[in-house]
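An overview of the molecular structure
Listed below, chain by chain, are the residues.
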Amino acid sequence: MRRIYILALILILASLLFFTFYDLIQPKEFIDDKAQISEYYIEHGVKETGAINLVTAILFDYRAFDTLGEATVIFIAVSAISLLATKERVLVSDTNFSPIVYQGISFIIPFLYILAFYLIFYGHLSPGGGFTGGVVIATTFVLLKMTFGIRYSKEEKSLQRRSLIESIGALGFILVGILGIIMGDNFLANEGAGFHLGIAGQLLSAGVIPILNLFTGVKVGSGLAIIFHRLVREE
Amino acid sequence: MQFIYLVVIILFCLGLYTILMNTNLIKIIIGINIMDSSLVLLLVALSYKPAGTAPIIDKQYSVIVDPIPQALALTAIVIGASITALMLLLTIKLNRYYNTLDISEIRRLRG
Amino acid sequence: MIQLIIYLLLFFIILTAFFAVFANSLISSLIALSILSSNLVILFVILQAPDVALAEVVIASGITTGFFIITIDKTGGRR
């Protein structure tokens, strides 16, 4: 009985969605007459921000306040998980891998770090950005903890150090924004706050965007590493 | 190119069917993840222009795809991952307290 | 040629989504979810969105699958 109700509800929803997308599904010629903001960003994006990658320029210069909101969402998730997780020490057993796994992981870890920092620092020149680099840093932590045993690092001190790094990432973002207000322009301003824009296409260009990329990457990476640490320690 | 919107509708309804029908908690979380993926696909499909190139300007191109929905999709992916992590921790804690993963059992033991 | 590849990818996406919903064991559902994300990444690259593709690869293959496996192991194993 419940099954019939659910199937009927899903059929009604699917037909409503089909009527909503009806004139997008029709095959017709492509008429582009409503994308005025995108035209503005494509034409004036490189001149005003100095970054070649338009998606990073939108995320960290034109709409940088939304990126601050997303960093807050990750911070809330990490805090909620740290609040709900258990505080007692759980005995976790070690696993023994073959020597190939140990040698292979020890060889790969420095290259993963280089990949993460390349994605963070070249975020305004090629695809990547702060979020992708931060997640690769968290993957490095997860790999180290999984192969060399759960007891590899001392527990309480390393957790406090990672929380400190995450807080430094969040505070750095906000302080860069307040620097814009002190110089007399908006919050999180790029050129009005006195940052040098440089020549588009070089590494040291685009003003405030590499600094914001670094702070976001550090924050996301250490936040996800804390989440993994708390999940593994559960009973 | 128009079939992408049909696939978005099918994925969304599949995710919703999983959430409403299944009684295993982890299957419900997989259903929520499928719904997240369908919305990211919708955002990327709305930004495509025929014969356009990626929004990275190192030479002069004639047609460039829309960069705004791609920024929104990037935010949506990261937020979906952190919500999934929070739900998984709540699942572990519910299992320790009630000793079952069946949602109809958990609703019955009230009070 | 590209149209053929896009149709094939869309067909595989729907197939793995049906498998993830109607599978019997939890591990099979999880592997189908991972394959669904990989097919979605290839579709993103064809639709000229490299930033979104990089982020989806790293998050859906590394972080989400790892967290799911830890949860399935701690709540009673593969049933």
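The structure presented is a predicted model; accordingly, all values stated were derived computationally and were not measured.

The partner chain C presents 10 residues to the 16 residues of chain A that form the contact. For the pairing of chain A and chain C, the buried interface totals around 1200 Å² over both sides, and the portion due to carbon and sulfur atoms is 76%. Our enumeration of links across chain A and chain C arrives at 0 salt bridges. If you list the elements that add at least two residues to the side of chain A that touches chain C, you get α7 (130-147) and α9 (209-232) of chain A. Among the elements that make up the side of chain A that touches chain C, the one with the highest residue count is α9(A) (5 residues). Looking at the side of chain A that touches chain C residue by residue, the class counts come to 10 nonpolar, 4 polar and 2 charged.

Tallying the contact residues gives 47 residues for chain A and 38 residues for chain B. With both sides pooled, the region where chain A packs onto chain B buries about 3900 Å², and carbon together with sulfur makes up 80% of that total. Here chain A is connected to chain B by 0 salt bridges. Our count for the chain A to chain B interface comes out at 5 residue pairs in polar contact (both at pLDDT 80 or more). Going through the elements one at a time, α1 (2-20), α2 (22-25), α3 (36-49), α4 (54-62), α5 (64-84) and α9 of chain A are the ones with two or more residues in the side of chain A that touches chain B. Ranked by the residues each element gives to the side of chain A that touches chain B, the list is headed by α1(A), at 10 residues. In terms of residue class, the side of chain A that touches chain B is made up of 34 nonpolar, 5 polar and 8 charged.

Turning our eyes to something else, we now look at the packing of aromatic side chains. All names here are of chain A. Tallying each qualifying case throughout the model produces 16 aromatic pairs over all chains. Their ring planes at 20° and their centres at 6.3 Å tell us that Phe117 and Phe121 sit as a pair that is stacked. Taken together, the positions of Phe117 and Phe121, both in helix α6 (residues 99-121) and 4 residues apart, correspond to about one turn of that helix. For Phe117, a relative accessible area of 35% puts it in the partly exposed group. Every member of this aromatic cluster is reached through a ring pair, and the members are Phe18, Phe19 and Tyr22. Seen from the ring of Phe141, Arg162 lies directly overhead, with NZ or CZ sitting 4.7 Å from the centre.

Reading the values: rules and limits
- Residues numbered from 1 in each chain as written.
- Chains lettered and ligands numbered in written order.
- Predicted model: local features only at pLDDT ≥ 70, side-chain atom pairs only at ≥ 80, totals over all residues.
- Heavy atoms only, no water.
- Contact = heavy atoms within 4.5 Å.
- Buried area = accessible area lost by both parts, 1.4 Å probe.
- Salt bridge = Lys/Arg side-chain N within 4 Å of Asp/Glu carboxyl O.
- Helix = DSSP H or I, 4+ residues; strand = E, 2+ residues; numbered from the N terminus.
- Nonpolar A, V, L, I, M, F, W, Y, C, P; charged D, E, K, R; others polar.
- Polar contact = N/O pair within 3.5 Å; in protein donor to acceptor, adjacent residues only side chain to side chain.
- Phe/Tyr/Trp six-rings, centres within 6.5 Å; stacked < 30°, edge-to-face > 60°.
- Buried < 20%, exposed > 50% of the residue type's maximum accessible area, 1.4 Å probe, protein only.
- Lys NZ or Arg CZ within 6 Å of the ring centre and 35° of its normal.

Geometric values such as these leave the question of function open.
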